[in-house]
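Structure at a glance
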Amino acid sequence: MTIDSLVQHIGETVTLKGWLHQKRGSKGLFFMVLRDGTGMVQCVVNQGKVDATSWDNASSTTQESSLIVTGEILKDERQIGGIEIQASQIEVFQIVKDYPITPKSHGIDFLMDHRHLWLRSRRPWAIMRVRNRIIMSIHNFFQERGFLQMDAPLLTKNAVEGTSTLFEIDYFGSSAYLTQSGQLHGEVMAMAFNKIYTFGPVFRAEKSKTRRHLTEFWMIEPEMAFYDLDMNMTLAEDFLIRIASDAIEDCHEELDLLGRDLDWLRRVQPPFPRITYTDAVELLHSDQTQVMVQKHIEQLQQERSDLEQERTANRQNYGQLKEWKKRRIDAREIEINIRMDQIDEELRNLPQWGKSAEQFEWGGDFGGSDETLLTWHFDRPIIVHRYPESVKAFYMKRDPEDDRLALGMDILAPEGFGEIIGGGQRADDLTFLEEQVQRHRLPQDAFEWYFDLRRYGTVPHSGFGLGLERTVAWICGLEHIREAIPFPRMLGRLSP
RNA sequence: UCCUCGGUAGCUCAAUGGUAGAGCAUGCGGCUGUUAACCGCAGGGUUGUAGGUUCGAGUCCUACCCGGGGAGCCA
C-alpha cells in the first residue's frame, strides 16, 4: 500500500514502507510523519496500543530513518490529506544518524551540495511531479496530433546556435560537439515523416550565471512540413495551453504546496497576443512602460517601508516576549532581511531597466529586462514575431514583405519568466541558405546534407523549441531554473 | 568576462576595533493530540585562505579561493 491511495481505504489496517520525515512526541505518544515517495501521512504511536518492541523502535527513529508502519487508517480532518494512521506495529530498516537536511531553513549552496538528499524534501517532490506531468502532456499533445517522436543525435559536427556556446569533445582524434539543438536533424525527419518532435537534452557552454540558464537542459522541438509562421504560432499556443491546463487539472496538491497562484495559469487561454518585434520596440519606448516601471518602484518602496515598520515594532516589543515568541521574531527578522535585500536589488535594477527600454534601438535583441517589461503589459503569454534577421539564426526564412525581417517568433511567459519558446519558419531556398552559411562563416561542407533537403523536394516548413526547465519553472512559479531539473548542470556545478 | 553582495558551531544567522553568541540539529531528562510542538540541561569554533595595519582584528586594508544576485547571451 502506498500513501497516495490511503484515502480510499479508510478504516482498513495497512502496512506502509517509507522514511521518517519528522517526529514530535510527548510522554507515551509520538507523532511520526511518514514519507514514502507518493505522499506523506501522520502516524500516531500510542504506547498503550503497541508492543514494547514497536515502542522502542518508534522512540529510536530519527529523521529519514527507514521503517515499516502497520496501522489503521483513521479519518482526521486536521491532518494532511484528512487522514492519519493509528499505528499498531513499527519495524525498522535503518536508524539514521545526523541527516544533514534539518526541518529548518538552509542556504541554496548547502542544498545544492546535498541535492541527492534534498530531492526527498517536500518542495522538490512537488516540482518533480509537476515536471513529470508536463512531460506526459507534451507527449500526449504531439502523439494525439500524429507527430512522430524522434531522437536527434547528441554528438554532432555542426553548430546550430552560436559557435561560442559549443562543448567541444575529442572524437577519435577529430573534434565533435555536444548538440545545442536537434533542429537540423528534426528538419530531415519532417521531410521524411511530415510532422515530428524531438525530446532530448541539449548543451550550451554559456558562461551564464542567471536564474534562467543551465548548461544541460531538455528541449522539445517539433518540426512540421508545410507549416508557415502563423500555423507554427497557433500550434505553439495550443501546446502551452494544453500544458498549463493539464497541470491545473492534475497537480492540485503539488502547485498548492508550491504556493503557485493558479489564476495566472488559468488565464493561459487563446488567443495569445501576437505582436511584431517592431511593435514590441514601440511598446518598450512608450510612456506606458515608464509608468509601469514607476508603479513597480513605488510598490516595492511601499513593501519595503511596511517591512521596516514590522521589524521596528518587533524589536520594540522584543524584551517583554516569551522565549518561544522571541524565536519566532528572530526567524521573521531573517525573512524580512532576505526580502529587503531582494527589494533593494530590484530597486537598483528597475531604473536601469526603464532606461534600457527607453533607449532600446530597433535591430537589437531583447535582453531579459526588456522581455520582462514587455510581458508586464499582458495577462498571459505573448508571441513576438518578425525579428530583425541579424538577431536570428541563419536558417530563418526572410519576411517576403520586408527583407530586414526574419520569420521568427518567440513566446514570452508572463510574470517575468521570459522566453520559453523560440522558433520560426525555415528558409527553404538553397541559394539563400548557402549565402547565409557563408555570411555566418560556418563550414559549408558540414552542411551539405542539410542543403540536400532544399535540393530534393524543398517545402515551406516551420518548427520551434520549448525549454522544458523554463516551462517547469513557469508552471511551478519557481524563482530559479535549478530547481526544475533533478540534477542541474550550471557554471561551476557538475555534482551530485 | 564585468558589476554587486556574502563566507562565523553540522545548519540558519547575531556580534559600536576590546571576554565569539542564539535558535535549530545532536545527546540526556520532562510532558498522552502534536502541526516548524513545548520546557530543562549538556556537548559543539584555527571566524574561507595567505599576508598587512593595530596595544588589540570576525570587524579595517591587499591578494586569492568559493558561493549568491545581476549584466551580456540564450530555451
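It should be emphasised that the depicted structure is a prediction, and the values quoted were computed from it without experimental measurement.

Observations regarding the nonpolar core
The nonpolar side chains of a soluble globular protein tend to be buried, and buried together. Counting residues in hydrophobic clusters, the biggest one holds 51 residues, and the most contacted among them are I138, F239 and I475. Sort the elements by how many residues they give to this core and helix α6 (residues 229–250) lands first, with eleven residues. Residue contacts for I475: discarding those within four places in its chain leaves V130, I134, I243, A244, A247, L255, R260 and L265. Within the second largest apolar cluster, 25 residues are counted, among which are Y277, L300, L350 and W376.

Details of a nonpolar patch on the surface
Taken together, the side chains of L155, Y171 and F172 present a nonpolar region at the surface, about 370 Å² in accessible area. Mapping F172 onto the fold places it in the loop between β8 (168–171) and β9 (174–178).

A closer look at the side chain of E221
Tracing the chain through its elements places E221 in strand β11 (residues 216–225). For E221, which is buried and forms no salt bridge, the nearest opposite charge comes from R426, at a distance of 6.0 Å. Only 2.8 Å separates the side chain of E221 from the side chain of S181, close enough to count as a polar contact. Here the side chain of E221 touches G182 through a polar contact of 2.7 Å, landing on its backbone nitrogen. Those residues in contact with E221, other than ones at most four positions away along the chain, are S181, G182, Q183, I196, Y197, T198, F464 and G465.

Digging into the domain arrangement of chain A
Parsing chain A into structural domains produces domain 1 (3–94), domain 2 (116–273 + 378–484) and domain 3 (289–358). Summarising the inter-unit geometry, the C-alpha centres of domain 1 and domain 3 are found 41 Å apart.

Points about the protein's contact with RNA strand B
Of all residues adjacent to RNA strand B, which total 53 residues, the nearest are Q22, K27, Q79, R211 and R470. The sugar and phosphate moieties of RNA strand B supply 54% of its atoms located within 4 Å of the protein. Residue E84 places a side-chain N or O atom 2.6 Å away from a base nitrogen belonging to RNA strand B. Going through the elements one at a time, β1 (13–26), β2 (29–35), β3 (40–46), α2 (108–113), β11, α11 (323–358) and β16 (418–425) are the ones with two or more residues in the surface near RNA strand B.

Quick word on the pattern of salt bridges
In this structure the tally under the stated criterion is 25 salt bridges. Residues E415 and R260 are paired through a salt bridge, measuring 2.9 Å at the closest nitrogen-oxygen approach. Of this pair, E415 sits in the loop between β15 (402–413) and β16 while R260 sits in the loop between α7 (252–257) and α8 (262–266), and the two are 155 residues apart along the sequence. Judged by its relative accessible area of 28%, E415 falls in the partly exposed class. Two residues, D428 and K397, come together in a salt bridge whose shortest N-O distance is 3.3 Å. Pair noted here: D428 is in the loop between β16 and α13 (430–439) and K397 is in the loop between β13 (382–388) and β14 (398–399), with a separation of 31 residues, a long-range link. The exposure class of D428 is buried, given its relative accessible area of 15%. Judged by relative accessible area, which is 21%, K397 ranks as partly exposed. Through salt bridges with shared partners, a single ionic network connects R133, E144, R242, D246 and D250.

Here we look at the sheet that holds strand β4 (residues 66–75)
A barrel is described by the order of its strands in space; here five strands give the closed sequence β1-β2-β3-β5-β4, paired in mixed fashion. For this sheet, the mean inter-axis angle between neighbouring strands, taken without regard to orientation, is 55°. Here β4 pairs with strand β5 (residues 83–94) via ten bridges, running antiparallel. Of the residues in β5, the one forming a bridge with I73 is I85. Sitting on the sheet, helix α1 (residues 52–60) is in contact with β1, β2, β3 and β5, with an inclination near 85° to β5.

Observations regarding helix α5 (residues 183–193)
Given 3.6 residues per turn, any residue in an α-helix points the same way as the ones three and four places further on. Buried residues of α5: Q183, L184, G186, E187 and A190, and no others. Projected down its long axis, α5 carries its buried residues within an arc of 155°, all on one side. At the C-terminal side of α5, N194 shows a positive phi close to 75°.

Some remarks on the packing of aromatic side chains
Throughout the structure, instances matching the rule amount to 20 aromatic pairs. Plain terms: the ring middles of F142 and Y197 are 4.8 Å apart, the flat faces sit at 25° to each other, and that makes the pair stacked. Within this pair, whereas F142 is found in helix α4 (residues 122–144), its partner Y197 is found in strand β10 (residues 195–203), the two being separated by 55 residues in sequence. Like Y197, F142 is buried. Ring geometry for F394 versus Y395: centroids 5.3 Å apart, planes at 75°, classification edge-to-face. For the residue pair F394 and Y395, the accessibility class agrees, reading buried in each case. These aromatic residues form a ring-pair network of at least three members: F141, F142, F147, Y197, F239 and F464.

Thoughts on the sheet that holds β8
Spatially, the three strands line up as an open sheet ordered β7-β9-β8, and their pairing is antiparallel. The sheet terminates laterally at β7 (155–156) and β8, the two strands that pair on one side only. Relative to β9, β7 runs antiparallel, the two being bridged by two bridges. In the sheet register, L155 faces β9, and the bridge partner there is L178.

Regarding the packing of helix α9 (residues 277–285) against helix α12 (residues 368–376)
Axis separation between α9 and α12 bottoms out at 10 Å; the angle between their running directions is 85°. Between α9 and α12, the angle is such that the two are roughly perpendicular. Side by side, α9 and α12 meet where A280, L283 and L284 of the first sit next to D370, L373 and L374 of the second. Here the contact of α9 with α12 is built from residues that sort into five nonpolar, no polar and one charged.

Here we look at the pairing of β2
Along β2, five of the seven residues are buried, which leaves the element largely enclosed by surrounding structure. By the bridge criterion, seven bridges tie β1 to β2 in an arrangement that is antiparallel. Its bridge partner being in β2, L20 is matched across the sheet by L34. What sits between the antiparallel neighbours β1 and β2 is a turn of two residues, in which G28 has the positive phi angle 75°.

Conventions adopted
Residues numbered from 1 in each chain as written. Chains lettered and ligands numbered in written order. Predicted model: local features only at pLDDT ≥ 70, side-chain atom pairs only at ≥ 80, totals over all residues. Heavy atoms only, no water. Core = buried A, V, L, I, M, F, W, Y, C linked by side-chain atoms within 4.5 Å. Buried < 20%, exposed > 50% of the residue type's maximum accessible area, 1.4 Å probe, protein only. Helix = DSSP H or I, 4+ residues; strand = E, 2+ residues; numbered from the N terminus. Contact = heavy atoms within 4.5 Å. Patch = residues over 30% accessible without salt bridge, like charges linked within 9 Å, V, L, I, M, F, W, Y side chains within 5 Å. Areas by Shrake-Rupley, 256 points an atom, 1.4 Å probe, with all protein chains shown as cover. Salt bridge = Lys/Arg side-chain N within 4 Å of Asp/Glu carboxyl O. Lys, Arg positive; Asp, Glu negative; His and termini not counted. Polar contact = N/O pair within 3.5 Å; in protein donor to acceptor, adjacent residues only side chain to side chain. Domains from an automatic or database assignment. Near = heavy atom within 4 Å. Pairing = 2+ DSSP bridges. Axes fitted to C-alpha atoms, helices over the stretch in contact; angles between N-to-C directions. Arc of directions from axis to C-beta. Phe/Tyr/Trp six-rings, centres within 6.5 Å; stacked < 30°, edge-to-face > 60°. Parallel < 35°, antiparallel > 145°, perpendicular 65-115°, else oblique. Nonpolar A, V, L, I, M, F, W, Y, C, P; charged D, E, K, R; others polar.

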